[in-house]
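Each chain, written out:
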Amino acid sequence: DVSARYKVLSVPALVLIPDFKDVLPAAASDSVIASSPKAYLKYFHQATWKQAMDSGNPNLRFEVVPDTRLFMWYDDPTAVYKIINEFIGE
């Protein structure tokens, strides 16, 4: 479990998060999550990102890439590279 290390990350890090457009919400019940691969993906990925966000580390920057799913760079490469270039330029 790497979540304990989020607080001590000492270099700036960009975390890109897909918005999982048209996928069930993270608040779906356990029975829905168990029966839906889409809901499973969204729920468990969001839980991991939430742990990183909750760490309060100012070196972590989170950006949601609109209209994307797990393969963001395939769904919208222009938006992904724009966010990365802005991060690198800071």
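Please refer to the structure placed before this passage.
Residues numbered from 1 in each chain as written. Predicted model: local features only at pLDDT ≥ 70, side-chain atom pairs only at ≥ 80, totals over all residues. Heavy atoms only, no water.

Here we come to the pattern of salt bridges. Enumeration over the complete set of coordinates arrives at three salt bridges. With a shortest N-O distance of 2.8 Å, Asp54 and Lys50 are connected by a salt bridge. Here the residue Asp54 and the residue Lys50 both occupy positions in helix H2 (residues 37-54), the gap between them amounting to four residues, near one helical turn. Taking relative accessible area as the criterion, Asp54 reaches 51% and is therefore assigned exposed. The class for Lys50 is partly exposed, based on a relative accessible area of 48%. (Salt bridge = Lys/Arg side-chain N within 4 Å of Asp/Glu carboxyl O. Helix = DSSP H or I, 4+ residues; strand = E, 2+ residues; numbered from the N terminus. Buried < 20%, exposed > 50% of the residue type's maximum accessible area, 1.4 Å probe, protein only.)

In this section: a nonpolar patch on the surface. There is a patch of nonpolar side chains on the surface, built from Phe71, Trp73, Tyr74 and Tyr81 and spanning about 560 Å² of accessible area. For Tyr74, the position within the fold is in helix H3 (residues 72-75). (Patch = residues over 30% accessible without salt bridge, like charges linked within 9 Å, V, L, I, M, F, W, Y side chains within 5 Å. Areas by Shrake-Rupley, 256 points an atom, 1.4 Å probe, with all protein chains shown as cover.)

What follows deals with the side chain of Arg61. Inspection of the secondary structure puts Arg61 in strand E2 (residues 60-65). The buried category is assigned to Arg61, whose relative accessible area is 18%. Setting aside residues up to four positions removed in sequence, Arg61 forms contacts with Ala13, Leu14, Val15, Glu86, Phe87 and Glu90. (Contact = heavy atoms within 4.5 Å.)

Taking 1.5 Å of rise per residue, 13 residues should cover 18 Å, and helix H4 (residues 77-89) covers 18 Å from first to last C-alpha, within 8% of that figure. All of the buried residues along H4 are Ala79, Val80, Ile83 and Phe87. When H4 is viewed along its axis, its buried side chains cluster within an angular range of 100° and face the same direction. Residues of H4 that are exposed and point over 90 degrees away from its buried face: Thr78, Lys82, Asn85, Ile88 and Gly89. (Expected span 1.5 Å × (residues − 1). Arc of directions from axis to C-beta.)

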